[in-house]
Amino acid sequence: MDSNSIVLNVNGIEVIYNHVILVLKGVSLQVPEGGIVALLGGNGAGKTTTLRAISNLLRAERGEVTKGSIELRGERIENLSPAELVQRGVVQVMEGRHCFAHLSIEENLMTGSYTRRDKGEIAANLEKVYTYFPRLKTRRTSQAAYTSGGEQQMCAIGRALMTNPSIVLLDEPSMGLAPQIVDEVFHIVKDLNTKEKVTFLLAEQNTNMALKYADYGYIMESGRIVMDGNAHDLANNSDVKEFYLGVGGEGRKSFRDVKSYKRRKRWLA
Ligand SMILES: Nc1ncnc2c1ncn2[C@@H]1O[C@H](COP(=O)(O)OP(=O)(O)OP(=O)(O)O)[C@@H](O)[C@H]1O
Ligand SMILES: [Mg+2]
């Protein structure tokens, strides 16, 4: 990878929660300008923590980066606030969609423009979001709570786009969505990447889908990167197939099953 083309360089970061729990044990990854990079791995591997370390949303979770560095186009960013990072073009779409339930789709999208002043530019940006997400335009006046899961995910991505980002950290866009809708969402992500040159770092348990759309992938396990490579090679790698795609391996559950089981447990708890 040509070092000039690297937007984001995460270098050996450690993350600790609540002063004691070491969750990331030296994670390094790079995201090239204009790329789609997938961060893969099962339940609790550390994907969300990695994204939160980059967007600096860790503090709200009593987490902190205790080692390593994070650079945006060669400049250190570990000490910038989430708002400063948004100003510099780094925005995170959180896991679980997080739309404001009582606001309309359009009001939700407009909350993404809070860092900006130019009304004409904001209006143009909104129209652009609608060209990529025609469903959101149709539903613009609907209260987010009454829209589908897919529409809410689109709304969360659309809101991030309203900040005019250069890199979007996208946390599990496929979560809880039907395969057809996941495909639709990923398709739009690819379109935004190709036409608007938005760079994506994408955390996913849905390895199959992520590798279909990403250029490069990193696989995480227990707070470490255990494998990386271009998406095509990873998708065809026999270890990846066996452990992460849930094929082969007598009686081995796909981690998708494991995940929904754990999630269900969490809901019932
Ligand atoms: N706020 C927190 N306080 C303490 N430990 C946490 C906190 N958030 C996450 N962890 C722990 O950190 C580890 C990594 O969690 P993380 O959410 O980053 O994983 P993930 O790869 O995103 O998993 P999933 O696919 O289920 O979203 C897990 O062991 C988790 O229990
Ligand atoms: Mg996660």
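Here the structure is a predicted model, which is why all the values come from computation and not from measurement. (Residues numbered from 1 in each chain as written. Chains lettered and ligands numbered in written order. Predicted model: local features only at pLDDT ≥ 70, side-chain atom pairs only at ≥ 80, totals over all residues. Heavy atoms only, no water.)

### Let's talk about the site of ligand 1
- Neighbouring ligand 1 are 17 residues; Asn43, Thr48, Thr49, Glu95 and Gln205 lie closest to it.
- With respect to ligand 1, the side chain of Thr48 contributes an N or O atom lying 2.7 Å from an oxygen atom.
- Interatomic distance of 3.2 Å between a side-chain N/O atom of Glu61 and a nitrogen atom of ligand 1.
- When the free accessible area of ligand 1 is taken as 640 Å², the share hidden by the protein chains comes to 72%.
- Secondary-structure elements contributing two or more residues to the shell around ligand 1 are helix 1 (47-55) and helix 11 (255-268).
- Among the elements that make up the shell around ligand 1, the one with the highest residue count is helix 1 (three residues). (Near = heavy atom within 4 Å. Polar contact = N/O pair within 3.5 Å; in protein donor to acceptor, adjacent residues only side chain to side chain. Areas by Shrake-Rupley, 256 points an atom, 1.4 Å probe, with all protein chains shown as cover. Helix = DSSP H or I, 4+ residues; strand = E, 2+ residues; numbered from the N terminus.)

### A word on unusual backbone geometry
- Even without a glycine there, the phi angle at Arg62 is positive, about 60 degrees.
- Tracing the sequence through the fold places Arg62 in the loop between helix 1 and strand 4 (63-72).
- The exposure class of Arg62 is exposed, given its relative accessible area of 54%.
- Here Arg73, not a glycine, exhibits a phi torsion of approximately 45 degrees, which is positive.
- Look at Arg73 and you get partly exposed, because its relative accessible area is 41%. (Buried < 20%, exposed > 50% of the residue type's maximum accessible area, 1.4 Å probe, protein only.)

### Re the coordination of the magnesium ion (ligand 2)
- Here the magnesium ion (ligand 2) is held by Thr48 (OG1) and Glu95 (OE), and the distances to it run 1.9 to 2.7 Å. Of this pair, Thr48 sits in helix 1 while Glu95 sits in the loop between strand 6 (90-93) and helix 3 (105-111); the two residues are 47 residues apart in sequence, bridging distant segments of the chain. (Donors = N, O, S within 2.8 Å, 3.2 Å for Na, K, Ca; no water.)

### Considering the sheet that holds strand 4
- Judged by pairing direction, the sheet is antiparallel, and its four strands sit side by side in the order 2-1-4-5 without closing on themselves. Looking at strand neighbours, the two that pair on one side only are strand 2 (21-32) and strand 5 (75-76), the edges of this open sheet.
- In this structure, strand 4 lies alongside strand 5, joined through two bridges in antiparallel fashion. Across the sheet, the residue bridging to Leu72 is Glu75, located in strand 5. (Pairing = 2+ DSSP bridges.)

### Side note on the side chain of Thr163
- If you trace the backbone, Thr163 turns up in the loop between helix 6 (149-161) and strand 7 (167-171).
- Excluding residues that lie within four positions of it along the chain, Thr163 makes contacts with Val86, Val91, Gly112 and Arg116. (Contact = heavy atoms within 4.5 Å.)

### A look at the state of the cysteines
- In total, this model carries zero disulfides according to the counting rule given.
- Here Cys99 is not disulfide-linked; the sulfur of Cys155 is the nearest cysteine sulfur, at 3.6 Å.
- On the accessibility criterion, Cys99 (17% relative accessible area) is buried. (Disulfide = S-S within 2.5 Å.)

### Some details on helix 1
- Burial of helix 1 is extensive: nine of the nine residues sit out of reach of the surface.
- Buried residues of helix 1: Lys47, Thr48, Thr49, Thr50, Leu51, Arg52, Ala53, Ile54 and Ser55, and no others.
- Positive backbone phi, approximately 60 degrees, marks Asn56, located one or two places after helix 1.

These results come straight from atomic positions and should not be treated as a statement about function.
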